[in-house]
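Structural characterization, general
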Amino acid sequence: MTKEIFKGSVVLNPVPAVVITSKNKDGKENAFTVAWTGTICTNPPMLSISIRPERLSYEYIKETMEFTVNLPSTFQVRETDYCGVISGRDVDKLKHLGLTAKPGHHISSPYIEEFPINIECKVKQIIPLGTHDLFLAEVVGSHINKKIIDEKGKIHFEWANLINYCHGEYFPMAKKPIGQFGFSVAKNPILIQKYEHIKSHLEYTHENNNKKTKAKVKTKSKSKKKK
């Protein structure tokens, strides 16, 4: 494998594309798109988002120390992109897009009714980094579309048609898993059988080398016959 060296830059892709909603103390609401977000703690449940200080939502969130993470589906990719390129200083984005801003259950920040998953957060700390400030927030509650919850109470995120963001483009989340946590060392026969078709890197490498060897032998054989 040949690799090219790049200078220091964040090439961590793909990442989730989410729309952040917030409300200032005067009751004005805004929505903007974020790709730099992630889970940072289990107990207490926490996540983070990175925001440029010049953003209107930065002002709103810093004022109230609350925000909501809204996970869009592929059917809302246009709305997601729009919220990331148009400023809330110029347009009431939620109204323009015809999206429903519902009052939060645990916080004053609204959530987008049409999006399948909404995560309500309270900011615990803001860390200046450079171009962006990192907002560390505790998750105080979530709204989950009942259609993606099975009879056992499991949330099937793959049913929600979520969006991934990768180097400036949006991609749909895959529907079928290629493994699950712990499957590589599983002892459960059902789990072993479910993923027995998934090969390791060494197995793939060995298989490819065998194919190349057979192809070379076949080529040599044909060459000898022609002579």
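Residues numbered from 1 in each chain as written. Predicted model: local features only at pLDDT ≥ 70, side-chain atom pairs only at ≥ 80, totals over all residues. Heavy atoms only, no water.

1. So, the layout of surface pockets
To keep things clear, this is the line we draw: Lining residues are those with an atom within 4 Å of a point, where the points come from a 1 Å grid over the protein atoms alone and group into cavities, where a 1.4 Å probe fits but cannot get out, or pockets, open sets with protein on both sides within 12 Å along at least five of seven lines. Grid points are joined across faces, edges and corners, and a volume is the space filled by probe spheres set on the points. Counting from the N terminus, the helices are DSSP H or I runs at least four residues long and the strands are E runs at least two residues long. Polarity classes work like this: nonpolar for Ala, Val, Leu, Ile, Met, Phe, Trp, Tyr, Cys and Pro, charged for Asp, Glu, Lys and Arg, and polar for all others, with Gly in that last group.
Estimates place the volume of the largest pocket at around 690 Å³. Taken together, 25 residues make up the lining of the largest pocket; nearest its centre are Val 34, Ala 35, Trp 36, His 132 and Tyr 165. Elements that contribute at least two residues to the lining of the largest pocket include exactly strand 3 (29-34), strand 5 (46-51) and helix 2 (77-85). Tallied by class, residues from the lining of the largest pocket come to 13 nonpolar, nine polar and three charged. Counted as a void, the second largest pocket has a volume near 500 Å³. Taken together, the elements giving at least two residues each to the lining of the second largest pocket come down to strand 1 (15-16), strand 4 (37-41), strand 5, strand 6 (66-71), strand 9 (117-128), strand 10 (133-144) and strand 11 (163-166). It is strand 4 that provides the largest number of residues to the lining of the second largest pocket, a total of four residues. Broken down by class, the residue content of the lining of the second largest pocket amounts to 21 nonpolar, six polar and no charged.

2. Examining the sheet that holds strand 10
Selection rule: Strands were regarded as paired on the criterion that DSSP finds at least two bridges between them. The convention used is that axes are lines fitted to C-alpha atoms, helices contributing only their stretch in contact, and that angles between N-to-C directions extend from 0 to 180 degrees. Contact definition: two residues touch when any of their heavy atoms are within 4.5 Å.
An order of 3-2-6-9-10-5-4 is seen for the seven strands of this open sheet, with the pairing classed as antiparallel. Each end of this open sheet is capped by a strand with a single partner; those strands are strand 3 and strand 4. On average, adjacent strands in this sheet sit at an angle of 35° to one another, irrespective of strand direction. Examined bridge by bridge, strand 4 and strand 5 share four bridges and lie antiparallel to one another. Residue Thr 37 lies in a different strand from strand 5, and its bridge partner there is Ile 49. Running at roughly 55° to strand 2 (residues 18-23), helix 1 (residues 56-64) makes contact with strand 2, strand 3, strand 5, strand 6, strand 9 and strand 10 of the sheet. Here helix 2 sits on the sheet in contact with strand 2 and strand 3, set at roughly 105° to strand 3.

3. With respect to the sheet that holds strand 1
Each strand in a sheet pairs with another by means of backbone hydrogen bonds, the pair being arranged parallel or else antiparallel. Sheet architecture is open: three strands sit in the order 1-11-12, paired in antiparallel fashion. Looking at which strands have only one partner, the edges of the open sheet turn out to be strand 1 and strand 12 (169-172). Two elements, strand 1 and strand 11, share two bridges in a ladder whose sense is antiparallel. Pairing of Val 15 across the sheet is with Tyr 165, part of strand 11.

4. A word on helix 2
For clarity, the threshold we go by: Three exposure classes are used, based on accessible area relative to the maximum for each residue type with a 1.4 Å probe and protein chains only: buried under 20%, partly exposed in between, and exposed over 50%. What the arc describes is the spread of directions from the helix axis to the C-beta atoms.
Among all positions in helix 2, only Thr 80, Tyr 82 and Cys 83 are buried. The buried residues of helix 2 all sit within an arc of 165° when viewed along its axis, so they share a single face. Turned more than 90 degrees from where helix 2 packs its buried face, Arg 78 and Val 85 sit exposed. On its buried side, helix 2 packs onto strand 2, strand 3, helix 3 (93-97), strand 11 and strand 12.

5. Description of the pattern of salt bridges
What counts is decided by this rule: Only one rule defines a salt bridge in this text: a Lys or Arg side-chain nitrogen within 4 Å of an Asp or Glu carboxyl oxygen.
In total, this model carries four salt bridges according to the counting rule given. Close ionic contact of Glu 207 with Lys 199 constitutes a salt bridge, the shortest N to O distance being 3.7 Å. Accessibility expressed as a relative area gives 28% for Glu 207, which makes it partly exposed.

6. Section: the nonpolar core
Definition in use: In this text, buried Ala, Val, Leu, Ile, Met, Phe, Trp, Tyr and Cys residues form a nonpolar core when linked through side-chain atoms within 4.5 Å.
Core analysis: the biggest nonpolar cluster contains 22 residues, and Ile 20, Ile 49, Phe 67 and Val 69 have the highest contact counts within it. Of all the secondary-structure elements, those providing two or more residues to this core are strand 2, strand 3, strand 5, helix 1, strand 6, strand 9 and strand 10. Ranked by the residues each element gives to this core, the list is headed by strand 9, at four residues. Val 19, Ala 31, Leu 99 and Ile 112 belong to the second largest nonpolar core, which has seven residues in total.

7. Considering unusual backbone geometry
For the peptide bond that leads from Asn 13 to Pro 14, omega is -5°, which places it in the cis range. You can see Pro 14 is positioned in the segment before strand 1. Cis peptide bonds are those with omega within 30 degrees of zero, and the linkage from Asn 43 to Pro 44 qualifies with 0°. Turning to its location among the elements, Pro 44 is positioned in the loop between strand 4 and strand 5. Positioned with a positive phi, Met 65 is a non-glycine residue whose angle comes to about 60°. In this fold, Met 65 is placed in the loop between helix 1 and strand 6.

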